[in-house]
Amino acid sequence: MVILTAATGFLAAIGRAAIALCAATGALVIFAAQAVAHAFAPPLYPGELARQLIRIGYFSLPVVGLTALFTGGALALQIYAGGSRFNAEAVVPSIVAIGVVRELGPVLCGLMVAGRVGASIAAELGSMRVTEQIDALVTLSTNPMKFLVAPRVVAGTLALPLLTAVSDIIGVMGGYLVGTGRLGISPGNYIQNTINYLTTGDIVSSLVKGAVFGFIIAVVGCHQGYNSRRGAQGVAQATRNAVVAASILILAANYLLTEVFFST
Amino acid sequence: MTTARISLRGVTKAFGAKRVLRGVDLDIQPGESCVIIGGSGTGKSVMLKCIIGLVRHDGGQILIDGQPMDARRREAFLRHFGMLFQGGALFDSLTVWENVAFRFLRGAERLPRARARALAVEKLARVGLDAATADLYPAELSGGMQKRVGLARAIATDPQVIFFDEPTTGLDPIMADVINRLIREIVVEMGATAMTITHDMTSVRRIADRVAMLHDGVIQWTGPVDEIDRTDNPYVHQFVNGLPEGPIATLR
Ligand SMILES: Nc1ncnc2c1ncn2[C@@H]1O[C@H](COP(=O)(O)OP(=O)(O)OP(=O)(O)O)[C@@H](O)[C@H]1O
Ligand SMILES: [Mg+2]
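For clarity, every value in this text was computed on a predicted model and none was experimentally measured. (Residues numbered from 1 in each chain as written. Chains lettered and ligands numbered in written order. Predicted model: local features only at pLDDT ≥ 70, side-chain atom pairs only at ≥ 80, totals over all residues. Heavy atoms only, no water.)

**Topic: the coordination of the magnesium ion (ligand 2)**
Line of reasoning, step 1. The protein atoms that coordinate the magnesium ion (ligand 2) are Ser45(B) (OG) and Gln86(B) (OE1), at distances of 2.0 to 2.2 Å. One end of the pair, Ser45(B), is in helix H1 (residues 44-51); the other, Gln86(B), is in the loop between strand S6 (81-84) and helix H3 (96-100), and 41 residues separate them in sequence. (Donors = N, O, S within 2.8 Å, 3.2 Å for Na, K, Ca; no water. Helix = DSSP H or I, 4+ residues; strand = E, 2+ residues; numbered from the N terminus.)

Laid out in structure tokens, this is it:
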């Protein structure tokens, strides 16, 4: 009897969690759809969009650049150490290029920006919510979905492909620096082999991934902040959820996009 | 009898098991200054937010000029509306004058920046703030100053309907008097319809044409301001005189 109650209790807990997950997913999807709709219907706020582009894109450059540089370098070392010593001239540049452009460039860029920008969007909107600033916008005839959410989502979707491009280039450059400086690959060969192995498809997939990740980061950050509750603690929770949810969604989306682009 | 500017008919609102509004009936006539009194936590702020749809009421009806409030009417209503929030609710990413001139800086009523700034400074002067505060950020102001900036923002476009949620809490008696006069002036001179929440009986007497007392989720009493001292309503009597004994429990 006791075991039975415990078992049903356990099942009920799983059921509750599953239902909560479905509800949260549904709410996020609806929120995303609204954000997109508001991004295209006037009034638009170009000033806000510009501010968010600078904040999301420009100020993320150092973080994204450094991450890519070190990762590209480490990748070159690993490939070399992993038995490619004898054929390094060809193998190191090609694997670095493909690894960085197809996967590491966009994913690391997405994760770093999720930590940096997703968190700050959630914290900002969350504290605007709890101090009634979002309500105040409504009383000033300004739709907060248009004024706060749409510019951030558009800026995220536009800025991340550019950041990803930067991440790809600097990642490859990290490999180049290590390859030519430490592993004795000739600069000319390194560049030639990189160009030979990369296809337009690789680059397009990289940028598309970036756009999707940017959209995810901004939507999740806005959604969490916009709906945050209960004072400072609610804002802290929104911030944490924004980073965790965006990171997981980025990794999941990355898998799906890789299936779409490369599975044939 | 004219159509009421704002009417509440049996408005109810609960947060979970907590029934905050239990059937509020109230009419605000055009050009009238109505003051809402009631104990802390009785739902006065929630009531104002229900009217403009910031909080969705569970039951009852809210009518604007006799018509039920829907999305389009709400938009039209808010275009000529201002609200001072209890906590100020200033945008902390904007300077003081940009807060006050918010409506002038974007959208349909957009003005050149210099003109918008001049208007903002003018409104700031009306709430007793000098031009030097205009370029500060809200976080650099005291609580009472933030409240006054919120007030300046609420009245910036000379709205037809204004809600003031505790306009004088946190102000010294002299400044409170300035604000009371200002609110009265706005109602009398510009013919605005005002709803004010306050705990301060001096403010009540200065601002109100009519007083409504909210307690236990319903309007317990409403009447002209000069009747608050004469009424035999036990709630109003206890509240106005600040008595510990009466129908309003002190543990809430
Ligand atoms: N968003 C919310 N979620 C849950 N409960 C709420 C919410 N907003 C208000 N309440 C509850 O509703 C009740 C009324 O709140 P309200 O802010 O309207 O009080 P008030 O009459 O304005 O009080 P005060 O004079 O202290 O400002 C309170 O008990 C509060 O706990
Ligand atoms: Mg209140």
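Next comes the rest of the write-up.
**Some thoughts on the pairing of strand S8 (residues 193-197) of chain B**
Residues and elements named next belong to chain B.
Line of reasoning, step 1. Counting buried positions along S8 yields five of five residues, so the element is predominantly enclosed.
Line of reasoning, step 2. Where strand S3 (residues 33-37) and S8 come together, four bridges link them in parallel fashion. Its bridge partner being in S8, Ile36 is matched across the sheet by Ile197.
Line of reasoning, step 3. Bridge count between strand S7 (residues 161-165) and S8: five bridges; the pairing is parallel. Bridge pairing links Phe164 to Thr196 in S8.
Line of reasoning, step 4. Considered for its hand, the β-α-β crossover made up of S7, helix H7 (residues 173-190) and S8 is right-handed. (Buried < 20%, exposed > 50% of the residue type's maximum accessible area, 1.4 Å probe, protein only. Pairing = 2+ DSSP bridges. Right-handed = clockwise from strand over helix to strand, strands pointing away.)

**Digging into the interface of chain B and chain A**
One widely used convention gives an interface's size as the accessible area the parts lose upon coming together.
Line of reasoning, step 1. Contact residues are listed per partner, giving 19 residues for chain B and 14 residues for chain A.
Line of reasoning, step 2. One can count one salt bridge joining chain B with chain A.
Line of reasoning, step 3. Between Lys49(B) and Glu132(A) there is a salt bridge; the shortest N-O distance is 2.4 Å.
Line of reasoning, step 4. On the surface where chain B and chain A come into contact, there are six residue pairs in polar contact (both at pLDDT 80 or more).
Line of reasoning, step 5. Among the elements that make up the side of chain B that touches chain A, the one with the highest residue count is helix H2 (residues 71-79) of chain B (three residues).
Line of reasoning, step 6. Broken down by class, the residue content of the side of chain B that touches chain A amounts to 10 nonpolar, two polar and seven charged. (Contact = heavy atoms within 4.5 Å. Salt bridge = Lys/Arg side-chain N within 4 Å of Asp/Glu carboxyl O. Polar contact = N/O pair within 3.5 Å; in protein donor to acceptor, adjacent residues only side chain to side chain. Nonpolar A, V, L, I, M, F, W, Y, C, P; charged D, E, K, R; others polar.)

**Some remarks on the pattern of salt bridges**
Line of reasoning, step 1. For the coordinates displayed, the defined rule picks out 21 salt bridges over all chains.
Line of reasoning, step 2. Among the ionic pairs, Lys209(A) bridges to Glu103(A), the shortest N-O distance being 3.1 Å. With Lys209(A) in helix H8 (residues 200-226) and Glu103(A) in helix H4 (residues 88-130), this residue pair connects regions lying 106 residues apart in the sequence.
Line of reasoning, step 3. The class for Lys209(A) is buried, based on a relative accessible area of 0%.
Line of reasoning, step 4. The closest approach of N and O atoms between Arg205(B) and Asp229(B), which form a salt bridge, is 2.7 Å. Of this pair, Arg205(B) sits in helix H8 (residues 201-207) while Asp229(B) sits in the loop between strand S10 (218-224) and helix H9 (234-241), and the two are 24 residues apart along the sequence.
Line of reasoning, step 5. Judged by relative accessible area, Asp229(B) falls into the partly exposed class, the value being 47%.

**Some remarks on the sheet that holds S10(B)**
Residue and element names in this part refer to chain B.
Line of reasoning, step 1. Strand order in the open sheet formed by six strands is S6-S7-S8-S3-S9-S10, with mixed pairing between adjacent strands. Of all the strands in the sheet, the pair left with one neighbour each is S6 and S10. Strand-to-strand twist of the sheet, defined as the mean angle between neighbouring strand axes without regard to direction, takes the value 15 degrees.
Line of reasoning, step 2. Docked against the sheet, H9 engages S3, strand S9 (210-215) and S10, running at close to 100 degrees with respect to S9. (Axes fitted to C-alpha atoms, helices over the stretch in contact; angles between N-to-C directions.)

**Let's talk about the environment of Val236(B)**
Line of reasoning, step 1. Secondary-structure assignment places Val236(B) in helix H9.
Line of reasoning, step 2. Considered as a pair, Val236(B) and Ala120(B) are 116 residues apart in the sequence and their alpha carbons are 39 Å apart.

**Here we look at the packing of aromatic side chains**
Line of reasoning, step 1. Taken as a whole and assessed by the stated rule, the structure comprises nine aromatic pairs over all chains.
Line of reasoning, step 2. Consider the rings of Tyr176(A) and Tyr190(A), whose centres lie 5.5 Å apart with planes at 90 degrees: the pair is edge-to-face. Here Tyr190(A) lies in helix H7 (residues 187-197) and Tyr176(A) lies in helix H6 (residues 144-181), a separation of 14 residues in the sequence.
Line of reasoning, step 3. On the basis of relative accessible area, Tyr190(A) is assigned to the buried category, the value being 1%.
Line of reasoning, step 4. Ring geometry for Phe91(B) against Phe102(B): centres 5.0 Å apart, planes inclined by 40 degrees, an arrangement best described as tilted. Of the two residues, Phe91(B) is situated in the loop between S6 and H3 and Phe102(B) in helix H4 (residues 102-105); the sequence distance between them amounts to 11 residues. (Phe/Tyr/Trp six-rings, centres within 6.5 Å; stacked < 30°, edge-to-face > 60°.)

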